[in-house]
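Topology and contacts: notes
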Amino acid sequence: MIDLSNLTTNSIETFNLKAIVETGMCIGAGGSSGSLADKPVVRAANGKLLIPASQIKGRLRHECEKLARGLGWAICQSPAAENMCPQRKESKQDFTKNNHPEHKFHCLICQIFGNPALPSRIIFDDLLCEESPKNLKEVIRPGVTINRRRRIAEAEKLYYLETTPTNAEELKFSGQIHFLPDCPDYTKALILAALKHIQALGGSKSAGLGWLRWEIDKDLKVKEETWSKLVAGS
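The sections below set out a description of the structure shown in this document. Throughout this description, residue numbers start from 1 for each chain and increase along the sequence as written. In keeping with the predicted nature of the model, local features appear solely for residues at pLDDT of at least 70, side-chain atom pairs appear and are counted solely at 80 or more, and the whole-chain, interface and lining totals rest on all residues. Hydrogens and waters are ignored; side-chain quantities use all the structure's heavy atoms.

Secondary structure follows DSSP: runs of H or I at least 4 residues long count as helices, runs of E at least 2 residues long count as strands, and numbering of each begins at the N terminus. Structurally, Q111 can be placed in helix α2 (residues 108-113). Under the scheme applied here, a residue whose accessible area is under 20% of the maximum for its type counts as buried, over 50% as exposed, and between as partly exposed, the area being computed with a 1.4 Å probe on protein chains only. Taking relative accessible area as the criterion, Q111 reaches 1% and is therefore assigned buried. What qualifies as a polar contact is a pair of N or O atoms within 3.5 Å, subject to a donor-acceptor requirement within protein and to the restriction that residues adjacent in sequence count only when both atoms come from side chains. At 2.9 Å, the side chain of Q111 and the backbone oxygen of H106 are in polar contact.

So, about the packing of helix α1 (residues 53-70) against helix α3 (residues 187-197). Contact pair α1 / α3: the axes reach a minimum separation of 9 Å and the direction vectors enclose 105 degrees. Taken as axis vectors, α1 and α3 run roughly perpendicular relative to one another. In this structure, α1 uses R59, L60, E63, C64 and L67 to contact α3, whose residues at the interface are L190, I191, A193, A194, L195 and H197. The class makeup of the residues in the contact of α1 with α3 is eight nonpolar, one polar and two charged. To obtain an axis, a line is fitted to C-alpha atoms, over the contacting stretch when the element is a helix, and the angle between two such axes runs from 0 to 180 degrees between their N-to-C directions. Roughly parallel here means an angle under 35 degrees, roughly antiparallel means over 145, roughly perpendicular means 65 to 115, and every remaining angle is called oblique. What makes two residues a contact is simply this: any of their non-hydrogen atoms within 4.5 Å. Residue polarity is assigned by list, with Asp, Glu, Lys and Arg as charged and Ala, Val, Leu, Ile, Met, Phe, Trp, Tyr, Cys and Pro as nonpolar; anything else, Gly included, falls into the polar class.

Structural remark: α-helix, 3.6 residues per turn; residues separated by three or four positions point the same way. The element α3 is largely enclosed, with a buried count of eight among its eleven residues. Every buried residue of α3 is listed here: T187, A189, L190, I191, L192, A193, A194 and L195.

Our focus in this paragraph is the side chain of T164. When you line up the elements, T164 lands in the loop between β6 (152-163) and β7 (171-179). Taking relative accessible area as the criterion, T164 reaches 2% and is therefore assigned buried. Polar side-chain contacts of T164 include one of 2.8 Å to the backbone nitrogen of M25. Ignoring anything within four residues of it in the chain, the contact list for T164 reads T23, G24, M25, V41, L49, V139 and L171.

Put simply, a patch holds well-exposed residues, over 30% relative accessible area, that have no salt bridge, with like charges counted together within 9 Å and Val, Leu, Ile, Met, Phe, Trp or Tyr side chains within 5 Å. Surface accessibility follows the Shrake-Rupley procedure with a 1.4 Å probe radius. Residue values consider only the protein chains on display as shielding. Salt-bridge detection follows one rule: a side-chain nitrogen of Lys or Arg within 4 Å of a carboxyl oxygen of Asp or Glu. Taken together, I140, V144, I146, L158 and Y160 make up a surface patch of nonpolar side chains, about 400 Å² in accessible area. Of all the secondary structure elements, the ones that give two or more residues to the nonpolar patch are β5 (139-147) and β6. The leading source of residues in the nonpolar patch is β5, at three residues.

Moving on, we get to unusual backbone geometry. The omega torsion of the bond from S78 to P79 falls at 10 degrees, within 30 degrees of zero and hence cis. Relative to the helices and strands, P79 resides in the loop between α1 and α2. One non-glycine residue, R151, adopts positive backbone phi at about 60 degrees. Relative to the helices and strands, R151 is located in the loop between β5 and β6. In the Ramachandran plot, D182 falls in the positive-phi region, its phi being about 65 degrees despite a non-glycine side chain. Structurally, D182 can be placed in the loop between β7 and α3. The exposed category is assigned to D182, whose relative accessible area is 51%.

This part takes up the nonpolar core. Here, nonpolar core means buried Ala, Val, Leu, Ile, Met, Phe, Trp, Tyr and Cys residues that are tied together by side-chain atoms lying within 4.5 Å of each other. Counting 50 residues, the largest nonpolar core has I51, L60, F113, F173, I191 and W214 as the members making the most contacts within it. Of the residues forming this core, the biggest block, six residues, is contributed by α3.

Here it is, written out as structure tokens:
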């Protein structure tokens, strides 16, 4: 566990991140009450819509893994703990890319996002909707379960999803990313590249839900030589 109280303010780099949702979005909170939907939209305690930090971190890790594999780096097989560093078969290889001998048996992705044996070096906030919940009406969208083998709708499998408003102006969700001390050199570069690959979040993306774009803090910059090294895989 990382105790943020033990870290000085100057040792943590914090950057603003904003998601601008262009279509209705369905990031559900199964089992929640207060809605007629089977899968209501997740909300904060004050009723504001939010995009959970876990959703952002999980998608970013997935995209970073794809980028790293494309660069030819050896990456463990998350999320199964038995296939992740340092237990995996290739763990005898030295994966140190940031002069951290204690991390030599952890791939670059685990050094950034953590694993059961290593704490994460990057922390995400929930992204909270800037619009007041009083101004957002509940939107219920019906759906039906499809039998993929028979290619027909299942009998008595009608369900309802709640989404953010689809006919309103673009909704803005704001939060922050915190880079802890001793992040690997390529952390910012990978995060910036991965964000460009995330064009939708939540459920029913193939049906047009959850499409968005990002506004990234202008201070979150990467040096040109870092991009060159990243592409070179060195």
